[in-house]
Amino acid sequence: MIKVSGLKNQGKIVRETMAPFIDVDEKGEETTEQIVVRYFAFSISEGRAFRREIEDLGDEATLGDTIFPMLHSLPDFVDDKDKPVKLTKEFLDSLNSINLQAILKAIREDASPK
């Protein structure tokens, strides 16, 4: 039995999926690998509020704005000391839009499997 009063304090549920990530090395060679994407599962009301925030940004909204609130972590990205990169909107904005679209697609497909 689940008490309805407890549903207000569910915390954030973290889910994990994979997304293709395209990288180009110094020689211009393109490689694609699968990266781990950890994201927060939203309630319907949280999703609505989130969409309103993005709509309020209007033309200024970027893919980074759209994805950032959803993401828990991208553990395959590490710095020069092999420490996980801090997930920021600025970091997301530095990624290629094709890769951001792939991350968003992976989240949507995992959150709503067919």
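Note that the coordinates shown come from a computational prediction; the quantities given were computed from them, not determined experimentally. (Residues numbered from 1 in each chain as written. Predicted model: local features only at pLDDT ≥ 70, side-chain atom pairs only at ≥ 80, totals over all residues. Heavy atoms only, no water.)

> Describe in detail the packing of aromatic side chains, supporting the description with residues and values.
In the structure shown here, the tally under the stated rule is two aromatic pairs. Ring plane angle 80° and centroid distance 5.1 Å describe the contact between Phe21 and Phe77, whose orientation is recorded as edge-to-face. Taken together, the residues span a long stretch of sequence, with Phe21 in strand E1 (residues 13–24) and Phe77 in the loop between strand E3 (71–73) and helix H3 (89–93) at a distance of 56 residues. Like Phe21, the residue Phe77 is buried in the burial classification. Look at Phe77 and Phe91: their rings are 5.4 Å apart centre to centre, the planes differ by 75°, and that puts the pair in the edge-to-face class. Of this pair, Phe77 sits in the loop between E3 and H3 while Phe91 sits in helix H3, and the two are 14 residues apart along the sequence. Overall, the relative accessible area of 16% leaves Phe77 in the buried class. The exposure class of Phe91 is buried, given its relative accessible area of 17%. Ring pairing ties together the aromatic residues Phe21, Phe77 and Phe91, which thus form one cluster. (Phe/Tyr/Trp six-rings, centres within 6.5 Å; stacked < 30°, edge-to-face > 60°. Helix = DSSP H or I, 4+ residues; strand = E, 2+ residues; numbered from the N terminus. Buried < 20%, exposed > 50% of the residue type's maximum accessible area, 1.4 Å probe, protein only.)

> Quick one: what's the story with the pairing of E1, residue by residue and with numbers?
Here 12 bridges tie E1 to strand E2 (residues 30–41), and the two strands are oriented antiparallel to one another. In the sheet register, Asp23 faces E2, and the bridge partner there is Thr31. Between E1 and E2, which pair antiparallel one after the other, the connecting turn spans five residues, and Gly28 there sits at a positive phi close to 85°. (Pairing = 2+ DSSP bridges.)

> Please set out the nonpolar core residue by residue, giving values where relevant.
Judged by nonpolar contacts, the single largest core of 19 residues is most densely connected at Ile35, Val37, Leu71, Leu74, Leu92 and Ile103. Mapped onto this core, the elements with two or more residues apiece are E1, E2, H3 and helix H4 (97–111). Here the element with the most residues in this core is H4; it accounts for five residues. With sequence-adjacent residues up to four places away left out, Leu74 is seen in contact with Ile35, Val36, Val37, Leu87, Phe91, Leu92 and Ile103. (Core = buried A, V, L, I, M, F, W, Y, C linked by side-chain atoms within 4.5 Å. Contact = heavy atoms within 4.5 Å.)

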